[in-house]
Amino acid sequence: AQSVTQLGSHVSVSEGALVLLRCNYSSSVPPYLFWYVQYPNQGLQLLLKYTSAATLVKGINGFEAEFKKSETSFHLTKPSAHMSDAAEYFCAVSVPRRQGGSEKLVFGKGTKLTVNP
Amino acid sequence: GAVVSQHPSWVICKSGTSVKIECRSLDFQATTMFWYRQFPKQSLMLMATSNEGSKATYEQGVEKDKFLINHASLTLSTLTVTSAHPEDSSFYICSARRGVSSGSYEQYFGPGTRLTVT
């Protein structure tokens, strides 16, 4: 069964420092992977997605993620944190339906990013 | 493009009453819409998947008679929480997908609806 595990429920960095949010996946088929960001009391916004093309995926707001099959990882990074990056981040994997129909997303538990001035 | 709205953004209702939440895709036709529930400081849990013109597919453990989903058009899906109880209080988020079924699809999320049952 497809699943994702986000290591670290809370990550705190200083403004300007590297951001690294970890996500490991489990999938019996080639996975489609996503990173979403959620600001308080809001829905989710897609940061980037991996769909079996380039393994290094660039997203919005300076974020990028690298798909590493050997490590079953899809970690999210940003070279220099900004105060506005403070939010909850979710990694997700697309799961096919056994009996047809639309695929669904399975989300990790989320990582709350705090950026200190 | 690809904007999804929800209405209302927050609602307070009394125990035993029903409340309807709307999810609209504003600038695209959504062949499939999803309803999620999010408890405080937790992840999103998929409740059901709805395809326009057909019955919704509910996830295991979700009461279909309590959470009624209607996807009457390609731009509108509704979730009705019937006979609401305080334990139904939560943040409900919808998302919409366009195009044909593909694992690489992207879901566009609404801003969420905060339901409080008193």
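Only a predicted model underlies this, so the values are computations on that prediction, with no experimental measurement involved.

A word on the overall build of chain B. Within chain B, the secondary structure is distributed over zero helices and 11 strands. Taken from the N to the C terminus, the helices and strands of chain B come in the order β-β-β-β-β-β-β-β-β-β-β. Over its C-alpha trace chain B gives a radius of gyration of 13 Å, about what one expects of a compact globule, namely 13 Å for 118 residues. Projected onto its principal axes, the C-alpha positions of chain B cover 40 × 25 × 25 Å. Residue burial in chain B is summarised as follows: out of 118 residues, 52% are buried. Pairs at least 24 apart in sequence give 56% of the contacts found in chain B among residues at least 6 apart.

Of the residues lining the interface, 22 residues belong to chain A; the matching set on chain B comes to 25 residues. For the pair chain A and chain B, the two sides together bury roughly 1800 Å², of which 50% comes from carbon and sulfur. Our enumeration of links across chain A and chain B arrives at one salt bridge. The salt bridge involving A:Lys104 is made with B:Glu59; its shortest N-O contact spans 2.6 Å. Along the lines of polarity and charge, the residues of the side of chain A that touches chain B split into eight nonpolar, nine polar and five charged.

Our focus in this paragraph is the packing of aromatic side chains. Summed over all chains, the structure comprises 13 aromatic pairs over all chains. For the pair A:Tyr36 and A:Phe107, a centre-to-centre distance of 5.9 Å together with 55 degrees between the ring planes defines the contact as tilted. Residue A:Tyr36 is found in strand E4 (residues 33-38), and its partner A:Phe107 is found in strand E10 (residues 104-107); the two are separated by 71 residues along the sequence. Accessibility classification places A:Tyr36 together with A:Phe107 in one group, the buried group. Between A:Phe90 and A:Phe107 the ring centres are 6.3 Å apart and the planes differ by 90 degrees, which places this aromatic pair in the edge-to-face class. Of the two residues, A:Phe90 sits in strand E9 (residues 87-95) while A:Phe107 sits in strand E10, which places them 17 residues apart along the sequence. Summarising the burial analysis for this pair, A:Phe90 and A:Phe107 share the class buried. Through successive ring pairs, a cluster of aromatic residues spans A:Phe34, A:Tyr36, A:Phe90, A:Phe107, B:Tyr36 and B:Phe109.

The next thing to look at is the sheet that holds strand E3 (residues 19-25) of chain B. Residue and element names in this part refer to chain B. Read from one edge of the open sheet, four strands run E1-E3-E8-E7, paired in antiparallel fashion. The outermost strands of the open sheet, each flanked by one partner alone, are strand E1 (4-7) and strand E7 (67-73). Neighbour-to-neighbour, the strand axes of this sheet turn through a mean angle of 15 degrees, independent of strand direction. Sheet analysis places E3 next to strand E8 (residues 76-81), joined by six bridges and oriented antiparallel. Note that in E8 the partner of Glu22 across the bridge is Thr78.

Another aspect to go through is the layout of surface pockets. Roughly 560 Å³ of internal volume is contained in the largest pocket. In this structure, the largest pocket is lined by 25 residues; those nearest its centre are A:Gln38, A:Glu88, A:Lys112, B:Lys41 and B:Gln42. Breaking the lining of the largest pocket down by element, the ones donating at least two residues are E9 and strand E11 (111-116) of chain A.

The rules behind each value
- Residues numbered from 1 in each chain as written.
- Chains lettered and ligands numbered in written order.
- Predicted model: local features only at pLDDT ≥ 70, side-chain atom pairs only at ≥ 80, totals over all residues.
- Heavy atoms only, no water.
- Helix = DSSP H or I, 4+ residues; strand = E, 2+ residues; numbered from the N terminus.
- Rg over C-alpha atoms; globule rule 2.2 N^0.38 Å.
- Buried < 20%, exposed > 50% of the residue type's maximum accessible area, 1.4 Å probe, protein only.
- Contact = heavy atoms within 4.5 Å.
- Buried area = accessible area lost by both parts, 1.4 Å probe.
- Salt bridge = Lys/Arg side-chain N within 4 Å of Asp/Glu carboxyl O.
- Nonpolar A, V, L, I, M, F, W, Y, C, P; charged D, E, K, R; others polar.
- Phe/Tyr/Trp six-rings, centres within 6.5 Å; stacked < 30°, edge-to-face > 60°.
- Pairing = 2+ DSSP bridges.
- Axes fitted to C-alpha atoms, helices over the stretch in contact; angles between N-to-C directions.
- 1 Å grid on protein atoms, 1.4 Å probe; cavity = no way out; pocket = protein on both sides within 12 Å on 5 of 7 lines; lining within 4 Å.
- Points joined across faces, edges and corners; volume = space filled by probe spheres on them.

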